[in-house]
Amino acid sequence: MTRDDSPAAPLAEAPAEAYWRRNLAVCVFGSFTTIVAMTLLLPFLPLYVEELGVKDQAAIVQWSGVAFGATFFSAALVAPLWGRLADLYGRKLMLIRASLGMAVAMSLIGMAGNVWQLVALRLLAGLLGGYASGSTVLVATQTPKDRSAWALGTLASGIMAGNLVGPLVGGVLPPLIGIRATFLAAGAVIFLAFLATLLLIREEPRPPRSARAGGGFSSIPDKRPALAMLATGMLLMLAVMSVEPIITVYVAELTPDPARVTLIAGLAMSATALGSILSAPRLGRLADRIGPWTVITASLTVSAILLVPQALVTSDWQLVALRFLMGLALGGLLPCIASVIRHSVPDRVAGTMLGYSTSSQYVGQVLGPLMGGFVGGHVGMRAVFLGTAVLMALGAAGTALARPKGIRA
């Protein structure tokens, strides 16, 4: 009997398996809570801006937009930096930094004295945060490669669930405990995520720092897969967000009852997220079996096909159903993108490249609404769906061409 065949071998592997599963559970909880905290202010942000002394209606709208976008703007700028520091000093350390920083920043937002302080603190939250992107780095690098896509899919479900639950929490809590107390409560919950990260996450021993220094983009032997995934991540968020500025107006054309417009618009937006939450772990598991490249190409192709009938619908329920189906198709993209990057770059630069991936997705979040609003206003709302379908189809073709030969599909 060889050493590997001995009964002791599985016992030796059991702790490592327990660690990556426990790490995943903590990362899902921490990502969920931080995303909830970042998005819960959506329903009451204009009310808070008014409470801070802004009285003109137009100014309230403008300041609300600036305050909400500030966090994502600063997060996009520093995501590659935090990824690089994670490669150098450890992924767990970056999660500890992000959770503690977000807990402090969210609590301080509840103590803002004027709108300038609100914007500054929202910028600070973006600079100090990044728990979700840091979790992606840790899960991608600490999970066995044959389970990485499933684990990243599970994490993606937690992140998307946070985006769904955040506005709901923001609509329920302020009437019960007040706006400022809502921020303090969010900070307290994130502090629990900090404690869980500090006490429960275990990172595998890292090589000497001298072996991790240097490298960067130039150390990647074949850059095409990584570049293709950066473009795909941006395209994904652009496709999802391009409809956001026009969805309510589009629904108004389909819904005969004006009183139901906001309800149907909310359902259409939530349906995509719900579909992605349900499909992400399953498509991740499928990617572990057949390869992430196949899942990415298929997801982009199906999404492009589903966008065409969205431009041709004649009733609101058809739009909601198609948005849900599109969410099912899109759910596997983010975990598969992270999985491809993880398998395509050296370990010492995995965090850096995943940080660039996060930044590219933020770029898509910015460009999507701009493109959708411009095309919808100058060409027509149905053209937004058709134009996005063309982009998704081009993305599918580009992904198929970028797949290195000899790599599992």
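Refer to the structure presented above.
Let me begin by describing the structure that accompanies this report. (Residues numbered from 1 in each chain as written. Predicted model: local features only at pLDDT ≥ 70, side-chain atom pairs only at ≥ 80, totals over all residues. Heavy atoms only, no water.)

1. So, the packing of aromatic side chains
In total, this model carries 6 aromatic pairs according to the counting rule given. Between Y48 and F183 the ring centres are 5.3 Å apart and the planes differ by 40 degrees, which places this aromatic pair in the tilted class. Taken as a pair, Y48 in helix α2 (residues 45–51) and F183 in helix α8 (residues 179–200) lie far apart in primary sequence, 135 residues in all. Using a relative accessible area of 0% as the deciding quantity, one classes Y48 as buried. Ring geometry for F191 against F194: centres 5.3 Å apart, planes inclined by 40 degrees, an arrangement best described as tilted. Of this pair, F191 and F194 both sit in helix α8, 3 residues apart, which is roughly one turn of that helix. Judged by its relative accessible area of 10%, F194 is buried. Grouping aromatic residues by their ring pairs yields a cluster made of F44, Y48 and F183. One Lys or Arg, R97, reaches over the ring of W82 and ends 3.6 Å from the middle of that ring. The residue whose ring lies beneath R147 is W150, and the NZ or CZ to ring-centre distance is 5.1 Å. (Phe/Tyr/Trp six-rings, centres within 6.5 Å; stacked < 30°, edge-to-face > 60°. Helix = DSSP H or I, 4+ residues; strand = E, 2+ residues; numbered from the N terminus. Buried < 20%, exposed > 50% of the residue type's maximum accessible area, 1.4 Å probe, protein only. Lys NZ or Arg CZ within 6 Å of the ring centre and 35° of its normal.)

2. Structural notes on the packing of helix α13 (residues 292–310) against helix α17 (residues 381–402)
In the contact formed by α13 and α17, the axes pass within 8 Å of each other and the chain directions differ by 165 degrees. With respect to each other, α13 and α17 are oriented roughly antiparallel. Where α13 crosses over α17, the handedness of that crossing is left-handed. Contacts between α13 and α17 pair W293, I296, T297, L300, T301, S303, A304, L307, V308 and Q310 from the former with F385, L386, T388, A389, M392, A393, G395, A396, T399, A400 and A402 from the latter. By residue class, the composition of the contact of α13 with α17 is 14 nonpolar, 7 polar and no charged. (Axes fitted to C-alpha atoms, helices over the stretch in contact; angles between N-to-C directions. Parallel < 35°, antiparallel > 145°, perpendicular 65-115°, else oblique. Left-handed = near helix turned anticlockwise from the far one by under 90°. Contact = heavy atoms within 4.5 Å. Nonpolar A, V, L, I, M, F, W, Y, C, P; charged D, E, K, R; others polar.)

3. Considerations on the packing of helix α3 (residues 57–89) against helix α5 (residues 115–128)
α5 packs onto α3 with a crossing angle of 25 degrees between their chain directions and a minimal axis gap of 6 Å. The pairing of α3 with α5 is recorded here as roughly parallel in orientation. Crossing handedness for the pair α3 and α5: right-handed. Contacts from W63, V66, A67, F68, A70, T71, F72, F73, S74, A75, V78 and W82 in α3 reach V115, W116, L118, V119, R122, L123, A125, G126 and L127 in α5. Considered class by class, the residues forming the contact of α3 with α5 number 17 nonpolar, 3 polar and 1 charged.

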